[in-house]
Amino acid sequence: MRTKLTSLFKRSTFLIAIIVIVSSFKHSSGHFAGNYSYYVSPAGDVNGDGYADILMSVFTSEFGVSKDGKVYLSYGTGSGVTQTPVWTGICTQDAANYGEAVANAGDVNADGFADIIVGASRFSNGEENEGAAFVYYGSPDGLKKEASWTAEGNQANAFFGSSVSSAGDVNRDGYADVVIGAHFYDNGETNEGRIFVYLGSPNGLAKEPIWTAESNQVGANFGKSVACAGDVNKDGYSDILVGAPNFDNGQVNEGRAFLYLGTNMGMTQSAAWTGESNQADANFGLSVASAGDVNGDGFSDIVVGASRYDEGMSNVGKIYVYMGASNGISLYPDWTYTGNIMDGNLGISVATAGDINGDGFSEIIIGSFGSGSQNPKGSAYVFSGSVRGMTNQVAQIAIQNNPQALVGQSVSTAGDINGDGYADVIAGVIWDKSSQGPGKVMLIQGSSKGLKLGADKDAVPN
């Protein structure tokens, strides 16, 4: 099935979202430096109070080089989320791209508290731009101040940590594992990319990866995106997804996504499934994620974005949903959706939205973020699951009263931040540099009727 945005807008619910302020990050001059980015992620429940917590990272850059980066954590509560961050993570090294990727790491030491992982792809420690990843363990008092575990790329310009994620429990030992991408890693082919899986244990994450994989193709950028796929074949082991947006197979830079299955020994050596866009320069796999279980059949499904897909206009973007089954992921997408905004880059970010209305079917959230134009567009879209899979029921999330405030670059489920039994969603807010605005997270809560309407606020934190 393929659906165009134009027809769906007639049936869409346009949401004015609640904006929850979680940071105020400014360059030392008091103004934002050049370009800046905001990424969001669920944190899990890092302090064990029964409420899901959320992460946001901010890093600024001048002339393409990162200058500052911080990661913020806000707690979920019965009434929502804390307005002021309760924890801030920083990197002592300038220009490290700290916070370029943030994610819930799961519970890597099975102590009952969720942990988080942060990537810093330009971190240098012996090798320039080798990259690093930092894991902070949860506790009754929240996240530890200092990283409890670190790993590095150990190769110049590998950009290790450009993508990070929980891997779920790939070997079913009761401990969460993590997966980290280094999309410029070389091992026979320049910039082929490599991913690394580290196993959890009673003492936390292992120092060395249990498993690695590569694209074996020059410039494929394998590992630009990584994600836990959930359990797509319901064998009890978590599986992982990897994107290589510049992979060639008949079309230049069409992109490819790879699925690897978990086993009692770790991961399968070769991909159990691959998918492609079959269009040059579509960048299929720039974003990958579990879709949750969109049709309620007990198998995890996946979603893949191809943000530079062309149809009628350039770079409108396209998303693909593939269903899980006992024999793995379907060979062909069960549902696709194509954008209709030139350079709108629909699918620049994709994620499960969780079950926002409690009907037993997962929803997905998709980001659309224009770039390279004088009037960029930023929006996020939530699509509903059903017994038949994804539906054409869509809600658009956008800022109504500030045209310079854009969402869509980073979107995610928030988990259930207020403990009401309904999943909530989050999106990072980017402001045009002329606004000199602080970093924000947009939070929209779920309910039995779907996403709640809220007040559009542009408050600046104290």
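All values derive from a computational prediction rather than experimental measurement. (Residues numbered from 1 in each chain as written. Predicted model: local features only at pLDDT ≥ 70, side-chain atom pairs only at ≥ 80, totals over all residues. Heavy atoms only, no water.)

S.K.: Got a minute to help me understand the overall build of the protein in this structure?
M.R.: The helix and strand tally for the protein stands at one helix and 34 strands. Taking all 462 residues of the protein together, the buried fraction comes to 62%. The contacts in the protein between residues at least 6 apart in sequence include a share of 57% that link residues at least 24 apart. Just so you have it, the protein exposes about 17000 Å², and 47% of that area is on carbon and sulfur atoms. (Helix = DSSP H or I, 4+ residues; strand = E, 2+ residues; numbered from the N terminus. Buried < 20%, exposed > 50% of the residue type's maximum accessible area, 1.4 Å probe, protein only. Contact = heavy atoms within 4.5 Å. Areas by Shrake-Rupley, 256 points an atom, 1.4 Å probe, with all protein chains shown as cover.)

S.K.: I'm lost on the pattern of salt bridges in this one. Help?
M.R.: A side chain with one charge may pair with a side chain of the opposite charge, provided their charged atoms come close. With the rule as written, the count across this model stands at two salt bridges. The residue R194 makes a salt bridge to E214 at a minimum N-O spacing of 2.3 Å. Taken together, the residues R194 in strand β16 (residues 194-198) and E214 in strand β17 (residues 211-214) connect sequence positions 20 residues apart. Neither R194 nor E214 differs from the other in exposure class; each is buried. (Salt bridge = Lys/Arg side-chain N within 4 Å of Asp/Glu carboxyl O.)

S.K.: Explanation requested: the pairing of strand β29 (residues 363-369) in the structure shown.
M.R.: The side chains of a regular strand alternate between both faces of the sheet. By the criterion of burial, β29 is predominantly enclosed, with seven of the seven residues buried. Both faces of β29 are covered, namely the face carrying E363, I365, G367 and F369 and the face carrying I364, I366 and S368. Both strand β28 (residues 346-354) and β29 contribute to a ladder of six bridges, which runs antiparallel. Looking at β29, one finds that A351 is bridged to I365. One ladder, built from six bridges, connects β29 with strand β30 (residues 378-383); its direction is antiparallel. Bridging from a neighbouring strand, S368 pairs with S379 of β30. (Pairing = 2+ DSSP bridges.)

S.K.: Explanation requested: the sheet that holds strand β19 (residues 239-244) in the structure shown.
M.R.: Backbone hydrogen bonds are what pair the strands of a sheet, in a parallel or an antiparallel way. Taken in spatial order, the four strands of this open sheet run β18-β19-β20-β23, and their pairing is antiparallel. Unpaired on one side and paired on the other, β18 (225-230) and β23 (273-276) mark the two borders of the sheet. Neighbour to neighbour, the strand axes of the sheet diverge by 20° on average, direction disregarded. Relative to strand β20 (residues 256-260), β19 runs antiparallel, the two being bridged by five bridges. Residue pairing across strands places I240 opposite Y260, the latter belonging to β20. (Axes fitted to C-alpha atoms, helices over the stretch in contact; angles between N-to-C directions.)

S.K.: So what exactly am I meant to see when it comes to unusual backbone geometry here?
M.R.: Glycine aside, residues mostly have negative phi angles, and peptide bonds mostly take the trans form. A positive phi is found at A95, a non-glycine position, where the angle reads about 60°. As for its position among the elements, A95 is in the loop between β9 (87-90) and β10 (98-106). Located in the positive-phi region is F159, a residue other than glycine, with phi close to 60°. Relative to the helices and strands, F159 is located in the loop between β13 (149-152) and β14 (160-168).

S.K.: Just checking my understanding: could you explain the confidence of the model for the protein for this structure?
M.R.: For any part of a model where pLDDT is low, the fine detail of the predicted coordinates should not be relied upon. Here the protein averages 87 in pLDDT, while 83% of its residues score no lower than 70. When the criterion is pLDDT under 50, residues 1-34 qualifies, and its contacts beyond four places in sequence or with other chains add up to 124 contacts. Residue range residues 434-438 is modelled with pLDDT below 50. Its contacts to residues more than four positions away, or to other chains, number 15 contacts. (pLDDT = per-residue confidence, 0-100.)

S.K.: I tried to follow the nonpolar core on my own but got confused; where do I start?
M.R.: Generally speaking, soluble globular proteins have nonpolar side chains that are buried together. Grouped together as the largest cluster of nonpolar side chains are 21 residues, with contacts concentrated most on I117, W149, F160, I180, Y198 and L205. Broken down by secondary-structure element, the contributors of at least two residues to this core are β10, β12 (132-136), β13, β14, β15 (177-182) and β16. (Core = buried A, V, L, I, M, F, W, Y, C linked by side-chain atoms within 4.5 Å.)

S.K.: Looking at this structure, how should I read the pairing of β19?
M.R.: Most of β19 sits inside the fold, with six of its six residues counted as buried. Burial along β19 is two-sided: the face carrying D239, L241 and G243 and the face carrying I240, V242 and A244 are both buried. Relative to β19, β18 runs antiparallel, the two being bridged by five bridges. When the bridges of β19 are listed, A227 appears paired with L241.

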